[in-house]
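A structural walkthrough
What follows is each chain in one-letter form.
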Amino acid sequence: MSTETTTDHSTEYATDHAAERPARMHWAKHAPEVYKAMVRLDTTAKQGLDPRLVELVRLRASALNHCAFCLDMHTKDALAAGESVQRIVQLPAWEESRHFYTRKELAAIELTEAVTVLTDGFVPDEVYEKAAEHFEETELAQLIATIAVINAWNRFGVTTRAVPGHYQAGDFA
């Protein structure tokens, strides 16, 4: 095994970790107007929502979509927003660890999964109705927009192989 020196935000350590895969493309550089529109949409979509809830939704969608860059980013943003490590760690197994989340958060997480994984081609009525019980219509509309936006970001990140690990909380705020 070869040992390489890696710099991780000013901390050097010897490691035998796999080499970092390069990004396929820095799409924001090549489509700056699309990127700017996405940033505006992202900012508008989350208005009126609890920042910790937004990060839980972003993390769950990003995990389902296998977007490593977004997982890195939104874990750091969730921690900066005051989210606990335990709730972040339990999120992939939320159905077995429901007691870590409020009913409102559970409804948002379940809606996130339904919107993200459209395997049946629709969001089940019971999932939507549960979310509608916990969110006022305007807030629910914002939540749906937030879910749609993170799914779009995930698709950009996964397709262009955005590199995780370098983001610092608030970099794009």
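Below: a short report on this structure.

The rules behind each value
- Residues numbered from 1 in each chain as written.
- Predicted model: local features only at pLDDT ≥ 70, side-chain atom pairs only at ≥ 80, totals over all residues.
- Heavy atoms only, no water.
- Helix = DSSP H or I, 4+ residues; strand = E, 2+ residues; numbered from the N terminus.
- Rg over C-alpha atoms; globule rule 2.2 N^0.38 Å.
- Buried < 20%, exposed > 50% of the residue type's maximum accessible area, 1.4 Å probe, protein only.
- Lys, Arg positive; Asp, Glu negative; His and termini not counted.
- Charge placed at Lys NZ, Arg CZ, Asp CG, Glu CD.
- Salt bridge = Lys/Arg side-chain N within 4 Å of Asp/Glu carboxyl O.
- Core = buried A, V, L, I, M, F, W, Y, C linked by side-chain atoms within 4.5 Å.
- Contact = heavy atoms within 4.5 Å.

**Structural notes on the overall build of the chain**
Along its length, the chain carries 8 helices and 2 strands. Taken from the N to the C terminus, the helices and strands of the chain come in the order β-β-α-α-α-α-α-α-α-α. For the chain, the C-alpha radius of gyration of 17 Å lies close to 16 Å, the compact-globule estimate for 173 residues. Seen along its three principal axes, the alpha-carbon backbone of the chain occupies a region of about 55 × 40 × 30 Å. Of all 173 residues assigned to the chain, the portion counted as buried reaches 35%. The distance from the centre of the 17 positive side-chain charges to the centre of the 26 negative ones in the chain is 4 Å.

**What about the pattern of salt bridges?**
Side chains that carry opposite charge are capable of pairing whenever their charged atoms lie near each other. Within this structure, the stated rule accounts for 10 salt bridges. Across the salt bridge formed by Glu-33 and Lys-36, the nearest N and O atoms sit 3.3 Å from each other. Remark: Lys-36 and Glu-33 occur in helix H2 (residues 32-45); sequence separation between them is 3 residues, near one turn of the helix. Each of Arg-52, Glu-83, Arg-87 and Glu-105 takes part in a single network of salt bridges with overlapping partners.

**Observations regarding the nonpolar core**
Membership of the largest hydrophobic core comes to 13 residues, with the highest contact counts inside it found for Val-57, Ala-108, Leu-111, Phe-135, Leu-140, Leu-143 and Ile-147. When residues of this core are traced back to their parent elements, those giving at least two are helix H3 (51-64), helix H6 (103-116), helix H7 (125-134) and helix H8 (137-160). If we skip the residues at most four places from it in the chain, Leu-143 touches Leu-49, Val-57, Ala-108, Leu-111 and Phe-135. One finds Trp-27, Ala-61, Phe-69 and Met-73 within the second-largest nonpolar core, a separate group that totals 12 residues.

**Focus: the environment of Glu-129**
Along the chain, Glu-129 falls in helix H7. We classify Glu-129 as partly exposed; its relative accessible area is 46%. In this structure the C-alpha to C-alpha distance between Glu-129 and Leu-91, which are 38 residues apart in sequence, comes to 22 Å.

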